[in-house]
Amino acid sequence: MNLLDTIIGLIFLIILSNILSHFIRQIPVSLIQIALGLVAALFFHVEIDLHTEWFLLLFVAPLIYSDAWRFPKKELWELRGPIFGNAILLVFITTIVGGYLITWMIPQVPLVVGFAIAAILSPTDPVAVQSIAKQTALPKRILHVVSGESLINDASGLVGFNVAVVAATVGTFSLFEAAGEFFYESIMGAIVGLVVGYLINWLTDLLVNRGNKDIVFQVAMQLASPFLIYMIAESVHASGVIAVVTGAIIANLRSKNDLNFADELLVLGWNTWSVFAYFLNGFLFLILGIELPVALPLHGESGPISVGMMVLFAFGTWIILFLIRFIWLYLNQWFYQRRNDENKPVSLRVILISTLSGVRGAITMAGVMSVPLVTNAGVPFPQRRLMLFIAAVVIIISLVVAIIFLPLVAGYKVSLANDVDAGETNKQNPRIAQHMTEDRAQIYALQSAMREIENQRYEANQVQVYELITRYQAQIRRIQLENLHSDRLSAMLKAEYDVRELTLKTERRVLRQLFNEHKIASLVYQSESRRLDRIENNLQDLISKEQSWSKASLRRAIVYIFRNIRVWLSDEDSNQLRAQYQLARKVTAEAVIETLNLFLNNREHQLTRFEQQAAYSILISYQLRLEDDDADTDSIEVLAATTDLELAGLNAQRAAVQDLYDAHFIDYQTSLKIRQTINFAEAALLADEE
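Quick notes on the rules
Residues numbered from 1 in each chain as written. Predicted model: local features only at pLDDT ≥ 70, side-chain atom pairs only at ≥ 80, totals over all residues. Heavy atoms only, no water. Helix = DSSP H or I, 4+ residues; strand = E, 2+ residues; numbered from the N terminus. Buried < 20%, exposed > 50% of the residue type's maximum accessible area, 1.4 Å probe, protein only. Contact = heavy atoms within 4.5 Å. Areas by Shrake-Rupley, 256 points an atom, 1.4 Å probe, with all protein chains shown as cover. Expected span 1.5 Å × (residues − 1). Phe/Tyr/Trp six-rings, centres within 6.5 Å; stacked < 30°, edge-to-face > 60°. Axes fitted to C-alpha atoms, helices over the stretch in contact; angles between N-to-C directions. Parallel < 35°, antiparallel > 145°, perpendicular 65-115°, else oblique. Left-handed = near helix turned anticlockwise from the far one by under 90°. Core = buried A, V, L, I, M, F, W, Y, C linked by side-chain atoms within 4.5 Å. pLDDT = per-residue confidence, 0-100. Nonpolar A, V, L, I, M, F, W, Y, C, P; charged D, E, K, R; others polar. Patch = residues over 30% accessible without salt bridge, like charges linked within 9 Å, V, L, I, M, F, W, Y side chains within 5 Å. Salt bridge = Lys/Arg side-chain N within 4 Å of Asp/Glu carboxyl O.

Draft legend 1. Structural context of the overall build of the protein chain. Counting its secondary structure elements, the protein chain contains 26 helices and two strands. When the 690 residues of the protein chain are sorted by exposure, 47% land in the buried category. Contacts spanning at least 24 positions in sequence make up 78% of the contacts within the protein chain whose residues lie at least 6 apart. Carbon and sulfur atoms make up 61% of the accessible area of the protein chain, which amounts to about 35,600 Å² in all.

Draft legend 2. Representation of helix 2 (residues 29-43). Compared with an ideal rise of 1.5 Å per residue, which puts 15 residues at 21 Å, helix 2 spans 21 Å between its outermost C-alpha atoms and is within 8% of the ideal. Within helix 2, the full set of buried residues consists of Ser30, Leu31, Ile32, Gln33, Ile34, Leu36, Gly37, Ala40 and Ala41. One or two positions beyond helix 2, positive phi appears at His45, with a value near 55°.

Draft legend 3. Inspection of the packing of aromatic side chains at higher detail. Under the counting rule described, the total for this entry stands at nine aromatic pairs. Consider the rings of Tyr278 and Phe279, whose centres lie 5.1 Å apart with planes at 85°: the pair is edge-to-face. The exposure class assigned to Tyr278 is partly exposed, which follows from its relative accessible area of 34%. A relative accessible area of 26% places Phe279 in the partly exposed class. On the numbers, 5.2 Å between centres and 35° between planes, the contact of Trp318 with Phe322 is tilted. One end of the pair, Trp318, and the other, Phe322, are both in helix 13 (residues 307-339), four residues apart, so they sit about a helical turn from each other. Across the pair, exposure class does not vary: Trp318 and Phe322 are buried alike. Aromatic rings pair up to connect Phe315, Trp318, Phe322 and Phe326 into one cluster.

Draft legend 4. Seen up close, the packing of helix 18 (residues 438-455) against helix 19 (residues 462-483). Interhelical geometry of helix 18 versus helix 19 gives an angle of 165° and a closest axis separation of 10 Å. One finds that helix 18 runs roughly antiparallel with respect to helix 19. Classified by chirality, the crossing of helix 19 by helix 18 is left-handed. Of the residues in helix 19, those touching helix 18 at Asp439, Gln442, Ile443, Leu446, Gln447, Ala449, Met450, Ile453 and Glu454 are Val465, Leu468, Ile469, Tyr472, Gln473, Gln475, Ile476, Ile479, Gln480 and Asn483.

Draft legend 5. Seen up close, the environment of Glu590. Counting through the fold element by element, Glu590 comes out in helix 23 (residues 574-602). Sequence spacing of Glu590 and Val510 is 80 residues, and the spatial spacing of their C-alpha atoms is 9.9 Å.

Draft legend 6. Examining the nonpolar core more closely. Counting residues in hydrophobic clusters, the biggest one holds 104 residues, and the most contacted among them are Leu158, Phe161, Met387 and Ile390. The dominant element in this core, judged by the number of residues it contributes, is helix 16 (residues 384-410), at 16 residues. With residues up to four places along the chain from it excluded, the contact list for Ile390 reads Ile106, Ile117, Leu121, Phe313, Ala314 and Thr317.

Draft legend 7. Representation of the confidence of the model for the protein chain within the structure. For the protein chain, mean pLDDT is 77; residues scoring 70 or higher make up 77% of the total. Note on residues 414-433: pLDDT under 50 across the span, and 17 contacts to partners over four residues away in sequence or across chains. In this model, residues 545-549 is a region of pLDDT below 50 whose contacts with residues beyond four sequence positions or in other chains number 10 contacts.

Draft legend 8. Seen up close, the packing of helix 1 (residues 3-23) against helix 2. The geometry of helix 1 relative to helix 2 is characterised by a closest axis approach of 9 Å and an angle of 130° between their N-to-C directions. Our classification of the angle between helix 1 and helix 2 gives oblique. Relative to helix 2, the crossing made by helix 1 is right-handed. Residue-level contacts link Leu13, Ile14, Leu16, Ser17, Asn18, Leu20 and Ser21 of helix 1 to Val29, Ile32, Gln33, Leu36 and Ala40 of helix 2. Taken together, the residues of the contact of helix 1 with helix 2 sort by class into eight nonpolar, four polar and no charged.

Draft legend 9. Helix 11 (residues 240-252), seen in detail. Its 13 residues place the ends of helix 11 18 Å apart at the C-alpha level, agreeing with the 18 Å of an ideal helix rising 1.5 Å per residue. Within helix 11, 12 of the 13 residues are buried, which leaves the element mostly enclosed by the surrounding structure. Along helix 11, the residues that are buried comprise Gly240, Val241, Ile242, Ala243, Val244, Val245, Thr246, Gly247, Ala248, Ile250, Ala251 and Asn252.

Draft legend 10. Molecular detail of a nonpolar patch on the surface. Taken together, the side chains of Leu4, Ile8, Phe12, Ile15, Leu16, Ile19, Phe23, Ile24, Ile27 and Tyr278 define a hydrophobic patch exposed on the protein surface, amounting to about 940 Å² of accessible area. Relative to the elements of secondary structure, Ile27 occurs in the loop between helix 1 and helix 2.

Draft legend 11. Structural detail: the environment of Phe227. Structurally, Phe227 can be placed in helix 10 (residues 215-235). The spatial distance from the C-alpha of Phe227 to the C-alpha of Val244 is 8.3 Å, given a sequence separation of 17 residues. Sequence-distant contacts of Phe227, defined by excluding residues within four places in its chain, comprise Leu57, Leu58, Pro62 and Phe276.

Draft legend 12. Focus on the pattern of salt bridges. Overall, the coordinates contain six salt bridges when judged by the stated rule. The residue Lys673 makes a salt bridge to Glu438 at a minimum N-O spacing of 3.6 Å. Taken together, the residues Lys673 in helix 26 (residues 668-689) and Glu438 in helix 18 connect sequence positions 235 residues apart. With relative accessibility at 46%, the residue Lys673 sits in the partly exposed group. With relative accessibility at 27%, the residue Glu438 sits in the partly exposed group. Glu682 serves as the salt-bridge partner of Arg654, at 2.7 Å between the closest nitrogen and oxygen. Residue Arg654 is found in helix 25 (residues 636-662), and its partner Glu682 is found in helix 26; the two are separated by 28 residues along the sequence.

Draft legend 13. Structural context of the side chain of Glu646. With respect to the element layout, Glu646 can be found in helix 25. When residues no more than four places from it in sequence are discounted, the contact partners of Glu646 are Leu468, Arg471, Tyr472 and Leu685.

Draft legend 14. Local environment of unusual backbone geometry. One non-glycine residue, His237, lies in positive phi territory at about 60°. On the basis of relative accessible area, His237 is assigned to the exposed category, the value being 59%. One non-glycine residue, His664, lies in positive phi territory at about 65°. Take His664: it is sitting in the loop between helix 25 and helix 26.

Draft legend 15. Just the environment of Ile666, in detail. Relative to the helices and strands, Ile666 resides in the loop between helix 25 and helix 26. Judged by relative accessible area, which is 2%, Ile666 ranks as buried. Taking the C-alpha atoms as reference points, Ile666 and Arg440, separated by 226 residues in sequence, lie 9.9 Å from one another.

Draft legend 16. Looking closely at the side chain of Ser66. Relative to the assigned elements, Ser66 resides in helix 3 (residues 52-70). Filtering out sequence-adjacent residues up to four positions away, Ser66 remains in contact with Trp273 and Ala277.

Next up, the structure:
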């Protein structure tokens, strides 16, 4: 399989893994990707010829730059003590102590290789933790510490790992020389990152001042920055990883107070890096799964090592890392409380959560993949395949243990859809809004937008108004289908079924009348009757099975294509048939509108809320059908009027969200999330309009 085929195949596996993660929410996507990579290697014989000299440049540099550029500056500064303690001191202790213990446990491993294994397993992976945190009530402080820690310990762990690997490659090791090399690479790497980062910022400002305000170009410069910084640092034998982290932090320091700062750059850059990191992380975990069989079977320097022993070695390595992290965090909290004269006991629960959150991931995999195949003497690198196997299995163990035990220790996230739980939370803090869930708040905002757009309706813009209202109704329906409890969902679907039955009977009666009066041909009558039968069948499926609307949409599309083919192949005049179809649509729509208006007027005080919503929604759809045939939707004036209506709807949603927040019906995080959705909709609208 050539390189291009491999890359395309891996891209499809990444997409498949994220599709599967939506159905298997309890398992992080990284673990699914490892499994898919293993399946690809075992059953499809996928192999990847790794070039270790560019592995760190291709994967580690952009991943670390992405994390550092996007990490919130406020949290990084406020938690600098625990972050730098875990990221530097803990990495140093893990490398030294863990290296000796791994060598003691595995006699086949040289001491310098033991140091390398411990160093590369020191970095933690916040992506995997955040994936687990979706179902787990992890404290935000711990999440920020783990994320900030991973940002720095990626650099410190990789520097220690590189020093150990170089020593193993050369064949000699001196602790004094290794320490000197460590400090030289770290300090020089920070200087290179500082200088190059400022130069990139200066060049960006210079171009902006000269009139080049192309945001896409500036994002492209950001994407190129980690590779440029890494290569410059490595050319002077400094740490490219630390240089990339420093350069990213310099880029992150640009704020809205800077003269040339652009909000569009922040949004576009954030989304671009999210997509870039999404694929890079996926590639790494897939490669991990693909490379697992490469380490088997293994023959060590003292004879063959069985698979069972290798698994025991990997599990023992994870135990060593777990205990070192647990003891470090315990002592850290104990000293902190004594220094601040706090008499409360050390919280074992918090320490255990922090320890379990130290999941290993992409950086560990990228680092161990970069180990050279041979030493300077031309012999195979000592125990390289064992290193690869231990790293892969430790990543898997840390993920599985976190999946199982983190929810048990930290607790599961509580859904606010339950009024009892919301009430309990409200007792703890009366200022926290618990009266309305996020989905109900979204529906309220959309209904406010519908009312505002309806108020702006007049004869010239009726089609645009009906189109927007129909779109909002579809959004509301989707939210209801996803979030309503089964009893309320059944009531809503039953109400829609009853109203739809009424409209279908009316359409059938009018179609029969048109056919008897010879205003439509037999082909039109039969085709429209079958369309009504399909609608009724879909409604029955929706009531009984809650059938996916995607299937119904696909079925409608297929029927529409075949109907047009049949019209085209018919002996009758195609234009005449199309005119009859249009007549049937218009007359049936007028009759249904009249029927629904009578239905609403005669039973105004007897209808349930769901019946009123269903009747109103269906009424709008038929009014849109009636108006749409004669509408001019391509003129500049119509497009401008549509944009104005959409902006009015978005502003009405913002006002509704603010009202809910001011009344304490929703909390700040919920309001922020809904506002972000509204802002994205507005940005997409304006970009499309441009």
